[in-house]
Amino acid sequence: MSATPRLLATETEDDLRAAVRSLLTAGCAPGRVLSRAESGTPYDRELWKTLTASMGLAGLLVPEADGGQGASHREAAVVVEELGRAVAPVPYLTGAVVTPAALLALPDRSAEASALLTEVAAGTTVAVLALPLTTASGDPLPEVTSADGALHGSVRSVADAAGADVLLVAADSGLYAVPAGAPGVTVTPLTALDLTRPLAAVHLDGVRGTLLAPAADALAAVRAGLLAGAGLLASEQLGLAEWCLTETVRHLKDRHQFNRPLGSFQALKHRLAQLWLDVAGVRPAATAAADRLATGEGGPAEAELAVAVAQVYASPVAVRAAEEALQLHGGIGMTWEHPVHLYLKRAKGDAVAYGGAGRHGEVVARLAELPAP
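Each chain carries its own residue numbering, running from 1 in the direction its sequence is written. For this predicted model, a pLDDT threshold of at least 70 governs which residues receive local features, and a threshold of 80 or more governs which side-chain atom pairs are given and counted, while totals over whole chains, interfaces and linings are taken from all residues. Each side-chain value is worked out from all heavy atoms of the structure, with water and hydrogens disregarded.

**What about the layout of surface pockets?**
To keep it simple, the criterion reads: Cavities and pockets were defined on a 1 Å grid built over protein atoms only: a cavity is a set of grid points that admits a 1.4 Å probe from which the probe cannot escape, a pocket is an open set flanked by protein on both sides within 12 Å along at least five of seven lines, and lining residues are those with an atom within 4 Å of any such point. Grid points are joined across faces, edges and corners, and a volume is the space filled by probe spheres set on the points. Helix and strand assignments follow DSSP, with helices taken as H or I runs no shorter than four residues and strands as E runs no shorter than two, numbered in order from the N terminus. Under the scheme applied here, ten amino acids are nonpolar (Ala, Val, Leu, Ile, Met, Phe, Trp, Tyr, Cys and Pro), four are charged (Asp, Glu, Lys and Arg), and all others, including Gly, are polar. Marked domain ranges trace back to an automatic or database domain assignment.
Approximately 400 Å³ is the volume found for the largest pocket. The wall of the largest pocket is formed by 19 residues, among which Ala105, Arg223, Ala224, Leu227 and Leu293 lie closest to the centre. Elements supplying a minimum of two residues to the lining of the largest pocket: helix H5 (92-104), helix H7 (215-254), helix H8 (266-295) and helix H9 (299-328). Among the elements that line the lining of the largest pocket, the one with the most residues is H7, at five residues. When the residues that make up the lining of the largest pocket are grouped by side-chain class, the tally is 11 nonpolar, five polar and three charged. The volume enclosed by the second largest pocket comes to roughly 290 Å³. The wall of the second largest pocket is formed by 14 residues, among which Thr25, Arg85, Ala86, Trp243 and Tyr343 lie closest to the centre. Every element with two or more residues in the lining of the second largest pocket is listed here: helix H1 (11-27), helix H4 (73-85) and H7. Per-class residue counts for the lining of the second largest pocket are eight nonpolar, two polar and four charged. Split by domain, the lining of the second largest pocket shows at least three residues from each of two domains, domain 1 (11-122) and domain 3 (218-368).

Written out as structure tokens, the structure is:
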């Protein structure tokens, strides 16, 4: 029987949380996030440079021998949680979690794959998997074919593709690294609900890429990346939900009606109390998923189950926390200038990312040997 996941944060994780939160408080205020969304730029490059070059956070999952920090999914989950709390417009989940996890899962890593991993860890290259954001680890992959070394096919709803330097393309013959600006690559930005995590359609027409792994190894590596993304997505949803709860409580304390704080009304107290219980339950689920991914205890099945449980619980809670924040902020919450809409849109986008609660519920039913609903 596998050991119980370690749910309490370490001193190192607490220090990392404080450092990232301090940075985001100063450099990722809601007004700045809104300004970037209105500018049409794919992500906040200045913030990304600070996170990667100054703090070295892009390489948390990468061993020191490959130029990374040699940390684990637990430390990466702390960063993702704080980025979710700030709805930071940076490609961290896609470029610093999913991509490294996929490359590290290659059984026989080539020199080209190792070189790309080092660049990703340094933050000098943003590489993302050319897969729809909704893809779960067990889903079939898009049909991208290769003929005489040239790639053909189209993939829609690829997160952060518009700002990527390299696209990791899973084709029928293997996993390829394709420069985003290579001849034959067309990246078309799409209108996305979540303006802080832009989507794009990727079309490949006779593109030449670098083969990183044959087909036999590519599928398992891609699925490992998607599983890591789904697991740490729960931490992002935790940070988002906690911000919504904290800001809503603060607003209801400050806002008065009939000479009383809004928060003193019994009906609102009950709603907030229930929301607090729900949000508090996300943390152990998200931490358990990150811990299982970090330690590997119990094998792949336990990691998959922990990730699925975290997503089944975290996705609806994050959406409800954002909806409650919007409603309880009243008319203020309905305006573009107030940041609560950014959190609602991110929560809605996260709810379908990497499979969503529905697909993960099927995984729980299968792995826990329960009858499917």
